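Residues per chain, in single letters:
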Amino acid sequence: MPARPRRNRAGPAVRALLRETTLSPDHLILPLFVHAAAEAQPISAMPGCFRLGLAGIVAAAREAFALGVAGVALFPALDSALKTSDGAESLNPDGLLQQTVRALKAALPDLLVITDVALDPYSCDGHDGVVVDGIIDNERTLPILAAMAVAQAQAGADMVAPSDMMDGRVSAIRSALDAAGFTGVGICSYCVKYASAFYGPFRTALDSAPRFGDKKTYQMDPANVREALREVALDEAEGADWLMVKPGLPYLDVIRAVRAATALPIAAYHVSGEYAMLKAAGERGWIDYNGCLLESLLCLRRAGADMIFTYGAVDAARLLRKS
Ligand code: PBG
């Protein structure tokens, strides 16, 4: 008797019954870029994404929340005059990011607000840590990251998300948050973050590309997966609440390996370059953007991601509502 696996795909009901992986807006986090100007400014390498003013951010978050998107991840695009080597503006209680968090939590208290902890948006060197004599100085960076996380928690952030890849930052941030009374503020650690060429469009959005060198002394080598398990063990021990793998689709094997190594929730970041490729090919009529977006996100879930940070969160949420 020949095997007939097609019987299990014969119609929509049986396919729905046997589907192993789900994707819903609950699984999605929308990254947003805030700037000081009131007008929205399109980001050329990320069609459909904008640098938004305060009111624009609240409107975008409201739209996402109404569609069921779980949360937003905020990134500030700063005026270059505010960038310094120690990123001091990141600690300003009335700085752009802190103001945005307050406005969002006032307008949408149930929306999860996640803030980025790293120096690069605030750094005149475009690096995630403090540069001393051309070297990214781990120990000088840690207290700044810790203070930045506390400033964001004071503004009302639900989760802080260190994306800097300095050693020991999760425990430095956890201790500082606890000492300041923010035991309820979680840490989404960008735990397994690779030195990736797929971040290009994001760096144009924030004008945050490294002014010299690259990020290979702190972000991971794309060739490595055992090293990811070492980062996982450290961030777990240091008190991370969620672990992120970044980028997304080229690293499905890494997500799978991390899934097997931890009981913590895993976030995948479907990064700017991945989004830009889908948009660009879609605009040319070479691929179906909607179909490829949903498939990409579903595959990240299948690999083991609990949640996905994606610039396509609103598009996907809309499509999922219809389907
Ligand atoms: C930097 C940071 C980057 C991204 C998120 N936080 C870029 C980088 O490391 O240079 C990239 C996100 C994306 O490409 O969508 N702290």
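Scroll up for the structure.
This structure is a prediction, so every number in the text was calculated from the model and none was measured.

**Focus: the overall build of the protein**
- Counting its regular elements, the protein contains eleven helices and twelve strands.
- Relative to a compact globule of 323 residues, whose C-alpha radius of gyration would be 20 Å, the protein shows 20 Å and is just as compact.
- Overall size of the protein, expressed as C-alpha extent along the three principal axes, is 70 × 45 × 40 Å.
- A buried classification covers 54% of the 323 residues belonging to the protein.

**Side note on helix α5 (residues 169–179)**
- Looking at α5, one finds that the buried residues are Arg 169, Val 170, Ile 173, Arg 174 and Leu 177. All buried residues of α5 lie within an arc of 130 degrees about the axis, which places them on one face of the element.
- Packing partners of the buried residues in α5 comprise β5 (112–117), α4 (138–155), β8 (159–162), β9 (186–193) and α7 (226–238).
- Directly after α5, the chain includes Gly 181, whose backbone phi takes a positive value near 90 degrees.

**A short note on the environment of Val 225**
- Mapping Val 225 onto the fold places it in the loop between α6 (200–206) and α7.
- The class for Val 225 is partly exposed, based on a relative accessible area of 33%.
- For the pair formed by Val 225 and Arg 6, sequence separation is 219 residues and the distance between their alpha carbons is 36 Å.
- Leave out the neighbours within four places in its chain, and Val 225 touches Tyr 194, Val 254 and Ala 257.

**Description of the site of the ligand**
- Neighbouring the ligand are 17 residues; Arg 203, Lys 215, Lys 246, Ser 272 and Tyr 311 lie closest to it.
- The contact in question runs from an oxygen atom of the ligand to an N or O atom on the side chain of Lys 215, over 2.7 Å.
- In the complex, 100% of the free accessible area of the ligand, which totals 400 Å², lies under the protein chains.

**Structural notes on unusual backbone geometry**
- With an omega of -10 degrees, the peptide bond running from Lys 246 to Pro 247 counts as cis.
- Topologically, Pro 247 is positioned in the loop between β10 (242–246) and α8 (252–261).
- Even without being glycine, Met 165 reaches a positive phi, approximately 65 degrees.
- Residue position: Met 165 is located in the loop between β8 and α5.
- Residue classification places Met 165 among the buried residues on the basis of a relative accessible area of 4%.

**Points about the pattern of salt bridges**
- Summed over the entire model, instances satisfying the criterion amount to 13 salt bridges.
- Across the salt bridge formed by Asp 235 and Arg 169, the nearest N and O atoms sit 3.7 Å from each other. One end of the pair, Asp 235, is in helix α7; the other, Arg 169, is in helix α5, and 66 residues separate them in sequence. For the pair Asp 235 and Arg 169, a shared accessibility class is recorded, and that class is buried.
- Each member of the salt-bridge network shares a partner with another, and the members are Asp 120, Asp 128 and Lys 215.

**Examining a positive patch on the surface**
- On the surface, Arg 4, Arg 6, Arg 7 and Arg 9 cluster together to form a positively charged patch.
- A relative accessible area of 59% places Arg 7 in the exposed class.

**Here's the deal with the packing of aromatic side chains**
- Across all of its chains, the model carries ten aromatic pairs by this definition.
- Ring geometry for Phe 33 against Tyr 311: centres 6.0 Å apart, planes inclined by 10 degrees, an arrangement best described as stacked. Of this pair, Phe 33 sits in strand β1 (residues 28–34) while Tyr 311 sits in the loop between β12 (307–310) and α11 (313–322); the two residues are 278 residues apart in sequence, bridging distant segments of the chain.
- Residue class for Tyr 311 comes out buried when judged on its relative accessible area of 5%.
- Plain terms: the ring middles of Tyr 269 and Tyr 311 are 6.0 Å apart, the flat faces sit at 45 degrees to each other, and that makes the pair tilted. On the criterion of sequence distance, the pair formed by Tyr 269 in strand β11 (residues 266–270) and Tyr 311 in the loop between β12 and α11 is long-range, its members being 42 residues apart. The same class applies to Tyr 269 and to Tyr 311, which are both buried.
- In this structure, Lys 193 is placed above the aromatic ring of Tyr 199, and the distance from its NZ or CZ to the ring centre is 5.4 Å.
- We note Lys 246 situated over the ring of Tyr 269; from NZ or CZ to the ring centre the distance is 4.8 Å.

What counts and how
- Residues numbered from 1 in each chain as written.
- Predicted model: local features only at pLDDT ≥ 70, side-chain atom pairs only at ≥ 80, totals over all residues.
- Heavy atoms only, no water.
- Helix = DSSP H or I, 4+ residues; strand = E, 2+ residues; numbered from the N terminus.
- Rg over C-alpha atoms; globule rule 2.2 N^0.38 Å.
- Buried < 20%, exposed > 50% of the residue type's maximum accessible area, 1.4 Å probe, protein only.
- Arc of directions from axis to C-beta.
- Contact = heavy atoms within 4.5 Å.
- Near = heavy atom within 4 Å.
- Polar contact = N/O pair within 3.5 Å; in protein donor to acceptor, adjacent residues only side chain to side chain.
- Areas by Shrake-Rupley, 256 points an atom, 1.4 Å probe, with all protein chains shown as cover.
- Salt bridge = Lys/Arg side-chain N within 4 Å of Asp/Glu carboxyl O.
- Patch = residues over 30% accessible without salt bridge, like charges linked within 9 Å, V, L, I, M, F, W, Y side chains within 5 Å.
- Lys, Arg positive; Asp, Glu negative; His and termini not counted.
- Charge placed at Lys NZ, Arg CZ, Asp CG, Glu CD.
- Phe/Tyr/Trp six-rings, centres within 6.5 Å; stacked < 30°, edge-to-face > 60°.
- Lys NZ or Arg CZ within 6 Å of the ring centre and 35° of its normal.

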